[in-house]
Every structure is written in structure tokens, then in C-alpha cells.
Amino acid sequence: MTVASFGKGENDMVIENKQTTVAYRCPSCGSGVMSVVDVFRLSADMLKLKCDCGNSEMVLVRSKEAGEGPAKIRFTVPCMLCPNPHSYTVSSNLLFNKDLFVLPCPYADINIAMMGDIDRVKAELSRTELELIDMLEKSGIDSFDALHSDAFLTDPQVLEIVTYMIKELDAEGKIYCRCPEGVEGDYEVELTKEGLKISCKGCGASKIISTASLIEAHEFLNADSLTLE
């Protein structure tokens, strides 16, 4: 922590310059992009964290809303899986006081931005890189660029509908697999070229839910159960 002092004498004003590390992964080249941010830099209207490849940037905007309480920071984060960036609003308390705070893609279980202690942020960048590589290999994709090709991407609205429905069916106990009666399935969801693949870690049963169109997504929304094969 850096302390900046202004003026001289016993009535000197001392301002605490809190710092944190913020990072995201470039959806174009796959590189981790990281920078130190402090409260003084965030006093400006906007900060941009750009990848060296020039194809992506994360934008931080400090809220100008009046009133007491901690300031709000609006993040616009590029996503490895979606065609458009996602927006989040984060309290400055979370931004500067957490050892690690992450922002996940709202449509897939993967963190696309992280902030906090530099070592924790580096570790999370490494972890998500391995997670992405594993996802690429399972999906038969050989590059990060392919994630954003027309063959892979679907409308985020479609993903949102299907993901919501899967979570609802799971919460209601209406997902059925090959696990013995009385044994609760352990389900995971994976984004593939064909759609969202839901699998049971216990018995290996799976099913792909198409995300090719809103029509198909709305049809799935009317389903009262899901059976994995």
C-alpha cells in the first residue's frame, strides 16, 4: 500500500492510495491482460486496459452518482465465449479490499475478469487458461479465434434462456440420468459447437441442447423435465 503526503507541518493531508490488480483474457489472441489500478487513476472519467494485439480492451468507468457510500465502478469486459462484451457494476470496496474478486460470463461457468492481489490474480489467470484449453480440446477447436467464428457462437439471448431452464430443472430435481435411484446426479454444462451439453459426472449420461435459434430455445423452455442418455 502506498501513502501519498501533501503539504508540510502537523496538519498535513495524508491520502491513502489504494491499489489493486485487474485483469482479463483477450478473446482475440488469448493473452492475459493485466494492470495495476489505483484510486487516483479511477478519479478520471474512464480507464481502458488494452491488449497488445489491439483487438480488445476492458473499460472501467467510475460512477458519478451523488450520495454517500462507496463509489461504483462499471466494468465492460470482453468475453472469450460471447460475441459482445459484458457489463458489470462493482463497489469500489470490492475492487480495492478483496484478495480476489472475479466476474464470470453470465452464460457460461468461466471467469472473464479478475481483480485483487497480484499473485491471486495471476493464479486465477493461469487457472482459467487451463480451463479454456480443456474446453477447446473437448470441443475440437484449435484456436482462440475459432471461439468467435460464426460456426461456434450463438445469440447470447439463446444461451441465457437455455442456461436458465437447465438450472431451474436441476433445482426442481427434474433432470434424470443413469445414476441409481436415490443417488443425486452431479451435473455440469459445457458450451460446444452443437449447443449446450449437460452431463452427469457420476454416470456419464449427457444430452446436447441446441442453441441454434430462439425458436428451439423457447421450445425447450416449455419442457417439464430433461433426460440424459
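Refer to the structure presented above.
Residues numbered from 1 in each chain as written. Predicted model: local features only at pLDDT ≥ 70, side-chain atom pairs only at ≥ 80, totals over all residues. Heavy atoms only, no water.

Novice: Is there a simple way to think about the state of the cysteines in this case?
Specialist: Put plainly, a disulfide is one covalent bond tying together the sulfur atoms of two cysteines. Under the defined criterion, the tally for this structure stands at zero disulfides. Sulfur of Cys105: no disulfide; nearest cysteine sulfur belongs to Cys79 and is 3.8 Å away. For Cys105, a relative accessible area of 4% gives the class buried. Sulfur of Cys177: no disulfide; nearest cysteine sulfur belongs to Cys179 and is 3.6 Å away. With a relative accessible area of 21%, Cys177 lands in the partly exposed category. (Disulfide = S-S within 2.5 Å. Buried < 20%, exposed > 50% of the residue type's maximum accessible area, 1.4 Å probe, protein only.)

Novice: Even after reading the chapter, I still don't get a negative patch on the surface, so can you show me in this structure?
Specialist: Taken together, the side chains of Asp170, Glu184, Asp186 and Glu188 define an acidic patch exposed on the protein surface. Tracing the sequence through the fold places Asp186 in the loop between β11 (175-176) and β12 (187-191). (Patch = residues over 30% accessible without salt bridge, like charges linked within 9 Å, V, L, I, M, F, W, Y side chains within 5 Å. Areas by Shrake-Rupley, 256 points an atom, 1.4 Å probe, with all protein chains shown as cover. Salt bridge = Lys/Arg side-chain N within 4 Å of Asp/Glu carboxyl O. Lys, Arg positive; Asp, Glu negative; His and termini not counted. Charge placed at Lys NZ, Arg CZ, Asp CG, Glu CD. Helix = DSSP H or I, 4+ residues; strand = E, 2+ residues; numbered from the N terminus.)

Novice: Can you walk me through the sheet that holds strand β6 (residues 57-62) in this structure?
Specialist: Adjacent strands of a sheet pair through backbone hydrogen bonds, lying either parallel or antiparallel. The sheet built from four strands is open, its strands ordered β5-β6-β7-β8 with antiparallel pairing. Bordering the open sheet on either side are β5 (46-50) and β8 (86-91), each of which pairs with just one other strand. On average, each strand axis in the sheet is inclined to that of its neighbour by 20°, with strand direction left out of account. (Pairing = 2+ DSSP bridges. Axes fitted to C-alpha atoms, helices over the stretch in contact; angles between N-to-C directions.)

Novice: Mind showing me how you'd approach the side chain of Thr128 here?
Specialist: When you line up the elements, Thr128 lands in helix α2 (residues 118-139). Side-chain polar atoms of Thr128 contact the backbone oxygen of Leu125, separated by 3.0 Å. When sequence neighbours within four positions are dropped, the list of residues in contact with Thr128 reads Arg25, Asn111 and Met114. (Polar contact = N/O pair within 3.5 Å; in protein donor to acceptor, adjacent residues only side chain to side chain. Contact = heavy atoms within 4.5 Å.)

Novice: Teacher, can you tell me more about the pairing of β5 here?
Specialist: Walk down a regular strand and you will see the side chains alternate between the two sheet faces. Of the two faces of β5, the one holding Leu47 and Leu49 is buried and the one holding Met46, Lys48 and Lys50 is not buried anywhere. Where β5 meets β6, five bridges bridge the pair, whose relative direction is antiparallel. Looking across to β6, one finds that Lys48 is bridged to Val59. Between the antiparallel neighbours β5 and β6 lie six residues, among them Gly54 with a positive phi of about 85°.

Novice: Sorry if this is basic, but what is going on with the sheet that holds strand β9 (residues 100-104) here?
Specialist: Here we have four strands laid out as an open sheet, ordered β4-β3-β10-β9, and antiparallel in their pairing. Every other strand in the sheet has two partners, leaving β4 (32-38) and β9 as the edge strands with one partner each. Each adjacent strand pair in this sheet contributes to an overall mean axis angle of 20°, direction not counted. Bridge count for strand β3 (residues 19-25) against strand β10 (residues 111-116) is four bridges, and the pairing is antiparallel. Each bridged residue has a counterpart across the sheet, and for Thr21 the counterpart in β10 is Gly116.

Novice: What is the right way to read the side chain of Ser56 from this model?
Specialist: Along the chain, Ser56 falls in the loop between β5 and β6. Taking the relative accessible area as the measure of exposure, Ser56 reaches 9% and is therefore buried. Among all residues touching Ser56, those that are not within four sequence positions of it are Tyr24, Cys26, Pro27, Leu49, Lys50, Cys51 and Pro78.

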